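# Commentary on secondary and tertiary structure
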Amino acid sequence: MHAEQGLGDGLQFCRYVPLHAARGAQVIFETPPALQALMRTLDAPGLTVAADGEALPDFDLYCPLLSLPEAFGTRLEAIPSAVPYLHAPEAAAAAWRETLSIPTDGAAERAPRIGLCWAGSVKQASELPQARLALRNIALAQLAPLLALPAQWHSLQK
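Quick summary incoming for the structure in this document. (Residues numbered from 1 in each chain as written. Predicted model: local features only at pLDDT ≥ 70, side-chain atom pairs only at ≥ 80, totals over all residues. Heavy atoms only, no water.)

Let's shift gears to helix α5 (residues 90-99). With one of its 10 residues buried, α5 lies for the most part at the surface. Two residues or fewer after α5 comes serine 101, characterised by a positive phi angle close to 55 degrees. (Buried < 20%, exposed > 50% of the residue type's maximum accessible area, 1.4 Å probe, protein only. Helix = DSSP H or I, 4+ residues; strand = E, 2+ residues; numbered from the N terminus.)

In structure tokens:
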């Protein structure tokens with residue numbers, strides 16, 4: 001299978017990858033290089049994660065990631081919802097704990113830390129009609145009431 005469209009779609013729909021592995025499939029998952037390490041944390045025994053454009057081992061079947069809900073006959077009440085289905089690789093988590101000065105003993109009381117991304121890829125934006133762009137982006141000013149809530153806010157905007 002291969003990720004398609006944007007990074008967010010890959011993050012959302014990769015939850016279907018373990019369903020194939022659970023049925024005994026040997027899964028090869030082609031994904032953007034930026035998501036490779038994260039996708040390796042999926043609970044899918046024998047999963048091979050390859051970067052877009054990398055030479056792939058032989059395979060028998062092919063499916064784009066966003067076609068998996070249909071392939072599984074997904075209905076609203078049956079969307080795979082086991083969480084977490086991804087987790088940060090330990091080295092990356094340790095680096096962020098240090099960068100954000102997060103205590104590792106769990107003793108400190110703190111406001112929740114929330115990461116926020118409010119717009120899609122600039123590259124994709126140049127290819128989309130204005131009406132469609134309005135559906136995938138929100139003006140940062142519109143988030144002001146949310147940002148006033150007690151939390152540690154972190155920009156995830158790339």
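Read on, since the account is not over.
Further remarks concern the pattern of salt bridges. By the definition in use, this model includes one salt bridge. In this structure, glutamate 90 engages arginine 97 in a salt bridge whose closest nitrogen and oxygen atoms are separated by 2.5 Å. Of the residues examined, glutamate 90 reaches a relative accessible area of 52% and is grouped as exposed. (Salt bridge = Lys/Arg side-chain N within 4 Å of Asp/Glu carboxyl O.)

So, on to the nonpolar core. Counting 19 residues, the largest nonpolar core has Val17, Phe29, Met39, Leu42 and Leu47 as the members making the most contacts within it. Excluding residues that lie within four positions of it along the chain, leucine 42 makes contacts with Cys14, Val17, Pro18, Phe29, Leu47, Tyr85 and Leu86. (Core = buried A, V, L, I, M, F, W, Y, C linked by side-chain atoms within 4.5 Å. Contact = heavy atoms within 4.5 Å.)

Turning to the environment of glutamate 30, a few remarks are in order. Mapping glutamate 30 onto the fold places it in strand β1 (residues 28-31). Residue glutamate 30 is classed as buried on the basis of its relative accessible area of 17%. Along the primary structure glutamate 30 and threonine 48 are separated by 18 residues, whereas in three dimensions their C-alpha atoms are 8.4 Å apart. Sequence-distant contacts of glutamate 30, defined by excluding residues within four places in its chain, comprise Met1, His2, Ala3, Ala50, Ala51, Asp52, Gly53, Glu54 and Leu56.

Before going further, it helps to examine the side chain of threonine 41. You can see threonine 41 is positioned in the loop between α3 (36-39) and β2 (48-51). Classification of threonine 41 as buried rests on a relative accessible area of 15%. At 2.6 Å, the side chain of threonine 41 forms a polar contact with the backbone oxygen of leucine 38. (Polar contact = N/O pair within 3.5 Å; in protein donor to acceptor, adjacent residues only side chain to side chain.)

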